Amino acid sequence: MLNLILFGTPGSGKGTQSVKIAEKYKLGHISTGDIFRSEIKSKTELGLKVQKIIERGCLVSDEMLIEILDNAMKKFSDVEGFVLDGFPRTIRQAEELDELLGSRNECVSLVLALDVNPDEVLHRLMKRAAQEGRKDDTEEVIKKRLNVYYHQTSPLIEYYQKQGKYKSVHGIGSVEDIFENICNTIQTVR
Ligand code: AMP
């Protein structure tokens, strides 16, 4: 099994690349952000619960996340692993992920970080705001999300570096060039 975490700041290109990775390596693609957006759109109980938190650019509680991930994983059959996009985002989530995969006799294979500088990220997110109208893509909320990333999520870099699983890929350039670099990095753990 190949269990990949696609890591990086909001706007680093995780969504675009994870879809391509999932297709090539026959992995289940799990984007916790996409799950939340779909729940909000359908106005489910979960969606209503998380809407305000997401619109403010804060993180949804760790307790909710692990259950959502467990359910999402169970929906896939016949896959050769998973590519996680937007999860884990805190140390606690990473620890719980280790436990969850451990209970399936599996582990995280590789954490691939898309390396994009803060100016480029801000530029991309502002562009996306204009094109897609995501409620959490206003300038104020973007800044909040980047702040949340640096405080709550970036400690994961050290967490995975200590396990020798963290690899970073240059995240600026054409989608295809970045994808090629990602595939070359994946080959190193196969
Ligand atoms: P994303 O599309 O991955 O940027 O996620 C959009 C929003 O969903 C985030 O800003 C958070 O509010 C929420 N979210 C997604 N994944 C997580 C996670 N692993 N932990 C906490 N909140 C999350």
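Just above sits the structure.
Computed from a predicted structure; not experimentally measured.

About the criteria used
- Residues numbered from 1 in each chain as written.
- Predicted model: local features only at pLDDT ≥ 70, side-chain atom pairs only at ≥ 80, totals over all residues.
- Heavy atoms only, no water.
- Buried < 20%, exposed > 50% of the residue type's maximum accessible area, 1.4 Å probe, protein only.
- Helix = DSSP H or I, 4+ residues; strand = E, 2+ residues; numbered from the N terminus.
- Pairing = 2+ DSSP bridges.
- Contact = heavy atoms within 4.5 Å.

Novice: Residue-level account of the pairing of strand 3 (residues 81-85), with values.
Specialist: Each regular strand displays side chains that alternate between the two surfaces of the sheet. Extensive coverage of strand 3 is indicated by the burial of 5 of its 5 residues. Sheet analysis places strand 1 (residues 2-7) next to strand 3, joined by 5 bridges and oriented parallel. When the bridges of strand 3 are listed, L2 appears paired with G81. As paired elements, strand 2 (residues 28-31) and strand 3 share 4 bridges and run parallel to each other. By the bridge assignment for strand 3, I30 is matched with L84.

Novice: Before we move on, could you go through the side chain of T9 and cite the residues and values that matter?
Specialist: Looking at where T9 falls in the secondary structure, it is placed in the loop between strand 1 and helix 1 (14-25). For T9, a relative accessible area of 7% gives the class buried. For T9, the contacting residues outside a window of four places in its chain are K14, V121, L146, Y149 and Y150.

Novice: So, the environment of I182: which residues are in play, and what are the values?
Specialist: Here I182 is to be found in helix 9 (residues 175-187). It is 11 Å that separates the C-alpha atoms of I182 and L4, two residues lying 178 residues apart in sequence.

Novice: Help me get a handle on unusual backbone geometry, residues and values and all.
Specialist: Look at the link from F87 to P88: it is a cis peptide, with omega at -5°. Positionally, P88 belongs in the loop between strand 3 and helix 5 (91-103). Here K26, not a glycine, exhibits a phi torsion of approximately 55°, which is positive. Tracing the sequence through the fold places K26 in the loop between helix 1 and strand 2. With relative accessibility at 51%, the residue K26 sits in the exposed group. Here the phi dihedral of K43 falls at roughly 55°; this positive angle occurs in a residue that is not glycine.

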